[in-house]
Amino acid sequence: MQVNLRHNDNVIILDIEGNLVGPNTIALKNIIDNLIRKADGAPVFLILNLERVQMMDSSGLGVIVAAYASIRRDMGRIVLLNIGGNIRSLIIMAKLVTIFDRYDTEAEALASFQNT
Amino acid sequence: MGEKKQLKIFLSLPSTMQLIYLLDTVISDILKEMKFDEEVQEHVNLAVIEAGTNAIKHGNKEDTDKNATFEFLIDDEKLTIVITDEGPGFERQEVANPLDPENLLKSSGRGLFLMEACMDEVVYEAEGTIIKMVKYR
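Cut-offs used in this document
- Residues numbered from 1 in each chain as written.
- Chains lettered and ligands numbered in written order.
- Predicted model: local features only at pLDDT ≥ 70, side-chain atom pairs only at ≥ 80, totals over all residues.
- Helix = DSSP H or I, 4+ residues; strand = E, 2+ residues; numbered from the N terminus.
- Rg over C-alpha atoms; globule rule 2.2 N^0.38 Å.
- Buried ≥ 20, exposed ≤ 12 C-beta atoms within 10 Å, placed from the backbone.
- Contact = placed C-beta atoms within 7 Å.
- Pairing = 2+ DSSP bridges.
- Axes fitted to C-alpha atoms, helices over the stretch in contact; angles between N-to-C directions.

Student: Mind showing me how you'd approach the overall build of chain B here?
Tutor: What chain B contains, in helices and strands, is 3 helices and 5 strands. Listing each helix as α and each strand as β along chain B from the N terminus yields β-α-α-β-β-α-β-β. Relative to the globule expectation of 14 Å for 137 residues, the C-alpha radius of gyration of chain B, 15 Å, shows essentially globular dimensions. The C-alpha extent of chain B, read off along each of the three principal axes, is 50 × 35 × 25 Å. A total of 137 residues make up chain B; the buried ones form 34% of that total. Taking the intrachain contacts of chain B between residues at least 6 apart in sequence as the baseline, contacts between residues at least 24 apart amount to 64%.

Following this line, the structure appears as C-alpha cells:
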C-alpha cells in the first residue's frame, strides 16, 4: 500500500493506493496518528482519497473509524473521497453510512471544508 | 443417478498476517472460476479475509508454529469454506454486536459480523476453532 500526502490550504489529502487489508492498514494508521500528534490538539481537516483502493476489510475500516473519533475529538473533520462500490457496501453494512461524509470529486470534498 | 462432483482445494498457512495475501489470491481465483458476479466475489473475498484474520490473529495469536487451514469445497450448487485454527476458541454469543450504538465507533470487533453479512451461512463448530461458511451460486 502507498500513501501520498498533499496539502490544499489547511486541508490534508491522503491519496491511498492498494488494498486496506490486514497488516497493510498499519502504515495508514501510523500516518494519521502522526498527523494528529503533530497538530497537538489543533483540529485536523483530512480527505481520504480511496479512488485506488480496491478492497478494505474490518481492519481498514477500524483505522478510519478510529481516525474519525480522534479527529472529531479535536473538532476536526475527516471525509471520504471516491469510494468504490465494495467500500460503499462495507460502510453500509457496518451502519457507518451516516457517520462519514462522502464525495465523488476532490473539488466537492474541498468545498465542504469551507464552512468549518 | 450421477454422483455429485465436488472439487476440494486445501491451503495451510503458518500464522502470520504477512501471508494473508496468499489467501486473497486463492479465493479470488476460485471465485472467478466459479463465475460469481462481481459484487458476490467482493463479499466472499471479504468474508474469507475476515475469517483468515480471525484464525491467524485472534485464534492462533500469530504463533507461526500453529497453522490456520482453509478448505474450499466447490460443487454445482455452492462454495463451502472451512477455516480451522489451533487456538482456544471463543463463544460467538459473547462477541459484542458492532451495530449497537455504543460499539459503532469502536476500531475493532466487526470481523464476525461482516463474515455473517457477506455469506449465506456461517456455522461455528468446535468452540469456534472451526468456522464453516457457505455461499450458494
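Student: I would appreciate a short explanation of the sheet that holds strand S1 (residues 7-14) of chain B in the present structure.
Tutor: In sheet architecture, strand pairing relies on hydrogen bonds along the backbone and comes in two forms, parallel and antiparallel. All names here are of chain B. Read from one edge of the open sheet, 5 strands run S1-S2-S3-S5-S4, paired in antiparallel fashion. The sheet terminates laterally at S1 and strand S4 (121-125), the two strands that pair on one side only. Strand-to-strand, the axes of this sheet are offset by a mean angle of 15 degrees, without reference to chain direction. Alignment of strand S2 (residues 67-74) against strand S3 (residues 78-84), held across 6 bridges, turns out to be antiparallel. Residue pairing across strands places Phe72 opposite Ile81, the latter belonging to S3.

Student: Is there a simple way to explain the environment of Ile27 of chain B in this structure?
Tutor: All names here are of chain B. Checked against the element boundaries, Ile27 lands in helix H1 (residues 20-33). The exposure class of Ile27 is buried, given the 25 C-beta atoms found within 10 Å. Residues Ile27 and Gln41, 14 residues apart in the sequence, show an inter-C-alpha distance of 8.9 Å.

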